[in-house]
Amino acid sequence: MNDLVVREDLSVVTTGTQDFVTVKLAGQTLGIPVLAVHDVLNAQQITKIPLSADWVSGVLNLRGRIVTAIDLRSRLGLEPLGGEKKSMSVVVEHNDEPYSLQIDEVGEVLSLDDQLFERNPVTLDARWRDVSKGIYRLENELLAILDVEKLLAFETNTKAA
Amino acid sequence: MDDLLNEFLTETNESIDVVDVELVKLEQDPNNKEVLDNIFRLVHTIKGTCGFLGLPRLESVAHSSENVLGKFRDGELQVSEHAVTVILESLDRIKEILAGLEATEEEPVGDDSELIGRLDAIAEGGGAPEATSEPEVEEDTVDGEIIDPTLGRSLKPGEVSLEELEAAFANAPGPEEEAAAASEPVSVSSTSSEQPLFERIGGEDTIAVAAHMIANRLENTAGISSFFKDVNQEQRKAKFLGLMLSLFKDDVDTAENVARQIVTVTGFADKNFNELLDIIKASFEECQVDGDTIDEAVMSFELVRDAVLSSSKALAPTVKKASSDGAQAAKGAPEAKRSNQSIRVNVDLLEDLMNMVSELVLTRNQLLQIVRNMDNTELAVPLQRLSQCTTELQENVMKTRMQPIGNAWAKLPRIIRDLTVELDKKIELDMRGADTELDRQVLELIKDPLTHMVRNSADHGIEMPAVRIAAGKPEQGTIILNAFHEGGHIIMEIKDDGAGIPVEKLKGKILEKGLATDSEVAEMSDNQIQKFIFHPGFSTAEQITSVSGRGVGMDVVRSNIEKIGGTIDMVSIEGKGTTFQIKIPLTLAIVAGLIVKAKGERYAIPQISVLELVRANATSDNKIEKIKDTPVLRLRNRLLPLVYLNEVLGFDTPEDTDARENPDDFIVVAQVGAFSFGIVVDQVFDTEEIVVKPVAPILKELDIYSGNTILGDGSVIMILDPNGIAATANAAGGDHKEEEEELEVRKVEREESESMLVFSAGGNSPKAVPLSLVARLEEIDVENVEISDGRHMVQYRGALMPLVFADSEMTLCKEGRQQVLVFTDREYTMGLAVDEILDIVEEKLDIKLASNQPGIVGSAVIDGKASEVIDVAHYLSRAFSEWLKSRTVADDTTHAAGTSILLVDDSDFFRNMLKPVLAVEGYSVKVVSSVAEALDLMENGVMFDLIVSDIEMPEMSGFEFAENVKAGSRWENIPMVALSALASERDVNRGLQAGFSDYVAKFDKETLLRSLSQQLKIRGDAA
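Residues numbered from 1 in each chain as written. Chains lettered and ligands numbered in written order. Predicted model: local features only at pLDDT ≥ 70, side-chain atom pairs only at ≥ 80, totals over all residues. Heavy atoms only, no water.

### Notes on the overall build of chain B
A count of helical and extended segments in chain B gives 37 helices and 35 strands. Within chain B, contacts between residues separated by at least 24 positions form 69% of all contacts whose residues are at least 6 apart in sequence. For chain B, the computed accessible surface area is about 46,700 Å², with 50% contributed by carbon and sulfur atoms. (Helix = DSSP H or I, 4+ residues; strand = E, 2+ residues; numbered from the N terminus. Contact = heavy atoms within 4.5 Å. Areas by Shrake-Rupley, 256 points an atom, 1.4 Å probe, with all protein chains shown as cover.)

Here it is, written out as structure tokens:
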């Protein structure tokens, strides 16, 4: 199974396990490679950007850097987060540009054995299939791994559109 | 990367750039010894340093080039185009290798033998065949005699020959003189020992030779050589030379400084120093300096003994770094005259500094804001001080980023030179204002577009020499680069006297590429067509040369320039040449921004595009009014088109805007190019200095934002781009796809298009009038309309205003309110009754059919419909015929009666517009549509009292016309008044320079008439 593991940005991990930060999004647990995560933030003051794509929630100030906030729910075609709950942020970088992924809740850091990895099931929703690298079989649930690069490759998306 | 290598790369790249330029100079002026020496010196330094760093490929290429250059210098070879080309090629090779070196830190693998072979062949061709095997071309007798006995071998390539020898060589060209110089000190010293040591030893030349020998001997003296091992011979020589020069000139401080850098290995003891002194002594003896002087010289070294010894002890373990620093310092020493006031700083460091200062400015602003709300004044004074320091710091840091624009031009002479060879053209590059400074970042960004444009001018613009001669132009084409400051902007002009942009050819291309339809093309002016070169994927060169014509052309240039907030404009006249004008901001980093609010979010508008702020509510003088659905504001007798920010940003629909009760709006009057409009916002805060940060790539598509920034309170806000807002507002409501494409064209052509007010009045076809002629829009209660003397009148602003019907078939409304357009002409006000005001459209005014019907200038397609453009002057004269008749007598400023005026304007509209206006004033007007026609009249001996001329006209501009007329023609003494839509200060100055007596903006009829009578008066007084 080892050959199936996507390692490109994690090649330093040679022990056969990989570390992920888990986040909750509408009940689904997602994993983000731990090395891709720059920051985890509580609810922030976000400046909205009128006329931008609806999955761009706005921009925020992270220690003097301007970070673009991506509404992950909207990006993945989920209902907006209702109620009083505020989104948390996981800051990742793509092409040297910081992005903050708005998620419901941040979980823990898991070290997972490569053996637990599976490809995306072919029946997975296309929108998810595009941004999921694959699935880890955890004891109680399944962990979809976010492909940050693909998730943030808007330039190509918008051009094609 | 290794510091040393890094240093080398930067320095060598710089040297190469200089050599590039100098070589081109040399080719034009082969006898310029100074240029040649400079080139030689630079290439030589490159070679020397390569040898030191162990870069054999670079060294061998540089070496062979140096050989050829040496032959040039010795007069053994004539400077020829071929030779220069090959040397330039070798420089390119060096650049290539350097690039590889930079990327991999290792010399890339490659074979240069072919190039070296060619270089050597050139060198051989000049005679002295041993030159290749014996690289020291400057094999003068001094070198030969002295080195052989000490070294006991011939020199390795690149080993010897220091810059100082070069200098010595240049100063003392012949061996005889050298010999004389060497023998001279002997006699001098015996007679006058008061002479400074420096003179007695024999001056710089002898010292240079001595330093050379000392350096060589050090290497071969077993006990001492290890202390100097890690410094190359070249630098060692330089150090000793510097040391001795300063010592013998009694400059002990400098000497000590240099001395500290001489030994770069620890453990240099007294014993070693004595050995060193022996070597020095021996060297001077070899140079035939007399005994006493030598002793004195050696004694003087005692002054630096301590310095040398202590430096050796204090040497840090980072020997390598120290040596490179030492090399740096020593390098400066021989050039002691050139004050060493500058240091090299990494650009990233500057960039960081800039960012930090930006943050500091923001924090300062934040503090100021807090203190402003506090009663405690204790903080105020120190904060004031802090604020001042911050401002100064910011200014100074900005200055460090300023660079002369000449840096961006450095490569151009070489490019032009290569082009002239490749294309077989003759081109002169004239660069003016190269010391104009602008921000480094901006400089980097315009470098490529600029190069591209100059290349284009040379390739497409300048014709082949034969063609030029046939066209009656000088064989050599000229490209003028000009840069200057103008109000916070840098203006850059690229002007060539080439063929201009061929309109017919472009037309074909436009059709071929389907960028416009046949009929659209037919409607376009030449200038509009020429501006298609800014369209993506356009290239007119018939053949794709290696130079240009690859289809990535002016559109890329334009988008690059627009990216940094600049604009580009072009004027091209077929057969005469093309002028590009680029306007770019001085700096991008910190700008003043006006903070405004719309729907609870704050936005910044760059202050530079804000003209003024106007508040409009129910109680103020200013009211927002609507023409159909288009909101406008009356502002000082002008109508200002408005856009609601809430609508632009998609918060509100126009219906929402209408539905508001008691609106209290702030209007930010913004200007984009020549177009001003109002942005209606909910609230205006103060101005803040903002640091512009680019938006994330995913937001790049939104052209209403030019960036974002962090405010003093830490929140992020978006910076609005008035350019984008104007474009969005224009596009709103239209068919989007087409509109967007059109917009591209429109952006460039904005100055030419005209805001037209479209209305209906009788008849079927809509009527139109330029919005700029309309003073106000009114609705008048029909009951107030009175009839007096058979005319409709209405009391308006305390006076009687005649009402004229826009169409004879039209009647007054039966009841309610009558829509009226108010026109003012000097003190006269006229109301034009219309049925309904339809719309305001931005349109290029192109009058198709002239009309015989009075009151109609002609028909034009406006907003896709045929509309009649009315002649305001006609209605004015109808309303005021009686008054006007009486006025010619009464009005003493008017000398109009019987005065003849020549009006030159290429636009049908203006000719038709102005002729009646002038005629009404009593002038007899002759109208022509081009300068050529006007000049014909001049040839035929027709005389006028006044000339009124448009500026932008095809074929020959108004400026040229004036220059022609004023250059001793028979119209020389006729006052000329320029009439133009471009009425910036610069244009006015240019007009006055060209010979115009006055410069009036188009549409400003009052000023025109005043100016005309003034000119007549001046002339009358003079006569």
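Let us keep going from here.
### Comments concerning the confidence of the model for chain B
Residues and elements named next belong to chain B. Counting all residues, the mean pLDDT for chain B is 73, and 76% of those residues have values of 70 or more. Contacts from residues 316–339, a stretch scored under 50 in pLDDT, to residues over four places away or in other chains number 30 contacts. Considering only residues more than four positions removed or in separate chains, one finds that residues 732–752, a stretch of pLDDT under 50, has 26 contacts. Scored by ipTM, the complex comes to 0.81, with pTM at 0.42. (pLDDT = per-residue confidence, 0-100.)

### Observations concerning the pattern of salt bridges
All names here are of chain B. Summed over all chains, the structure comprises 29 salt bridges over all chains. A salt bridge links Lys95 to Asp92; the shortest N-O distance between them is 3.7 Å. Taken together, the residues Lys95 and Asp92, both in helix α4 (residues 81–104) and 3 residues apart, mark about one turn of the helix. Judged by its relative accessible area of 23%, Lys95 falls in the partly exposed class. Overall, the relative accessible area of 29% leaves Asp92 in the partly exposed class. As a salt-bridge pair, Arg118 and Glu114 come within 3.1 Å of each other at their nearest N and O atoms. Taken together, the residues span about one helical turn, with Arg118 and Glu114 both in helix α5 (residues 113–125) at a distance of 4 residues. (Salt bridge = Lys/Arg side-chain N within 4 Å of Asp/Glu carboxyl O. Buried < 20%, exposed > 50% of the residue type's maximum accessible area, 1.4 Å probe, protein only.)

### Side note on the nonpolar core
All names here are of chain B. Ranked by internal contacts, the top residues of the largest apolar core, which has 60 residues, are Leu645 and Ile679. Setting aside residues up to four positions removed in sequence, Ile679 forms contacts with Ile605, Val643, Leu645, Phe666, Ile667, Val668, Ala670 and Ile725. One finds Leu412, Phe532, Met554 and Ile561 within the second-largest nonpolar core, a separate group that totals 45 residues. (Core = buried A, V, L, I, M, F, W, Y, C linked by side-chain atoms within 4.5 Å.)

### Structural notes on a nonpolar patch on the surface
Residue and element names in this part refer to chain B. On the surface, Leu367, Ile370, Met374, Leu379 and Leu386 cluster together into a nonpolar patch covering about 390 Å² of accessible area. Structurally, Leu386 is set in helix α19 (residues 380–400). The exposure class assigned to Leu386 is partly exposed, which follows from its relative accessible area of 36%. (Patch = residues over 30% accessible without salt bridge, like charges linked within 9 Å, V, L, I, M, F, W, Y side chains within 5 Å.)

### Comments concerning the pairing of strand β15 (residues 675–681) of chain B
Residue and element names in this part refer to chain B. Counting buried positions along β15 yields 6 of 7 residues, so the element is predominantly enclosed. The sheet contact formed by strand β13 (residues 638–644) and β15 spans 3 bridges and is parallel. Along β15, the bridge assignment pairs Leu642 with Gly678. (Pairing = 2+ DSSP bridges.)

### Concerning the packing of helix α14 (residues 270–286) of chain B against helix α15 (residues 291–302) of chain B
Residues and elements named next belong to chain B. Remark: α14 packs on α15, axes separated minimally by 10 Å, with the N-to-C direction vectors making an angle of 150°. Between α14 and α15, the angle falls in the class roughly antiparallel. Remark: the crossing between α14 and α15 carries right-handed chirality. Contacts from Phe273, Leu277, Ile280, Lys281, Phe284 and Glu285 in α14 reach Ile294, Asp295, Val298, Phe301 and Glu302 in α15. Residue composition of the contact of α14 with α15, by class: 7 nonpolar, no polar and 4 charged. (Axes fitted to C-alpha atoms, helices over the stretch in contact; angles between N-to-C directions. Parallel < 35°, antiparallel > 145°, perpendicular 65-115°, else oblique. Left-handed = near helix turned anticlockwise from the far one by under 90°. Nonpolar A, V, L, I, M, F, W, Y, C, P; charged D, E, K, R; others polar.)

### Structural notes on the interface of chain A and chain B
Each partner contributes residues to the interface: chain A has 22 residues there, and chain B has 23 residues. Across the chain A/chain B interface, buried area totals approximately 1,700 Å², and carbon plus sulfur atoms make up 71% of it. Looking at the side of chain A facing chain B, the largest losses of area belong to Pro50(A), Leu51(A) and Ile66(A), adding up to 34% of the total buried there. The interface formed by chain A and chain B holds 0 salt bridges in total. Counting every contact that joins chain A to chain B gives 3 residue pairs in polar contact (both at pLDDT 80 or more). (Buried area = accessible area lost by both parts, 1.4 Å probe. Polar contact = N/O pair within 3.5 Å; in protein donor to acceptor, adjacent residues only side chain to side chain.)

### Thoughts on unusual backbone geometry
Both trends apply: most residues other than glycine have a negative phi, and most peptide bonds are in trans. Residues and elements named next belong to chain A. A positive phi angle, close to 50°, is found at Ala26, a residue other than glycine. As for its position among the elements, Ala26 is in the loop between β1 (17–25) and β2 (28–33). Since its relative accessible area comes to 39%, Ala26 is described here as partly exposed.

### Describing the confidence of the model for chain A
All names here are of chain A. Considering every residue of chain A, the mean pLDDT works out to 80; 86% of them sit at 70 or more. Below pLDDT 50 for its whole length, residues 1–5 participates in 7 contacts with residues either more than four positions away or in separate chains. Considering only residues more than four positions removed or in separate chains, one finds that residues 156–161, a stretch of pLDDT under 50, has 1 contact.

### With respect to the sheet that holds strand β5 (residues 65–71) of chain A
All names here are of chain A. Read from one edge of the open sheet, 5 strands run β3-β6-β7-β5-β4, paired in mixed fashion. Because the sheet does not close on itself, it has two edges, and the strands there are β3 (37–41) and β4 (56–62). Across the sheet, the axes of successive neighbouring strands diverge by a mean angle of 30°, strand direction being ignored.

### Describing the sheet that holds strand β4 (residues 477–486) of chain B
Residue and element names in this part refer to chain B. The strand order β2-β4-β5-β7-β6 describes an open sheet built from 5 strands, whose pairing is mixed. Looking along the sheet, the strands with just one partner apiece sit at the ends: β2 (427–432) and β6 (567–573). Adjacent strand axes in the sheet meet at a mean angle of 10° when their direction is disregarded. Across 7 bridges, the pairing between β6 and strand β7 (residues 577–585) is antiparallel. Residue pairing across strands places Thr567 opposite Lys583, the latter belonging to β7. Docked against the sheet, helix α21 (residues 412–423) engages β2 and β4, running at close to 170° with respect to β2.

### Digging into the side chain of Ser572(B)
Residue and element names in this part refer to chain B. Counting through the fold element by element, Ser572 comes out in strand β6. For Ser572, the side chain forms a polar contact with the main-chain nitrogen of Ile501, separated by 2.8 Å. A distance of 3.1 Å separates polar atoms of two side chains, one belonging to Ser572 and the other to Thr578. If sequence neighbours within four positions are ignored, Ser572 has contacts with Gly500, Ile501, Asn527, Gln530, Gly577 and Thr578.

### Considerations on the side chain of Asn482(B)
All names here are of chain B. By the secondary structure assignment, Asn482 is in strand β4. Looking at Asn482, the relative accessible area reads 19%, which means it is buried. Sequence-distant contacts of Asn482, that is, excluding residues within four places in its chain, are made with Trp409, Arg432, Ile491, Met492 and Glu493.

### Focus: helix α34 (residues 931–939) of chain B
Residue and element names in this part refer to chain B. Among the residues making up α34, those that are buried are Val931, Ala934, Leu935, Leu937 and Met938. The buried residues of α34 occupy an angular sector of 155° when the element is viewed end-on, so they sit on one face. Taken together, the buried residues of α34 touch β31 (900–904), β32 (924–928) and α35 (958–966). Directly after α34, the chain includes Gly941, whose backbone phi takes a positive value near 85°. (Arc of directions from axis to C-beta.)

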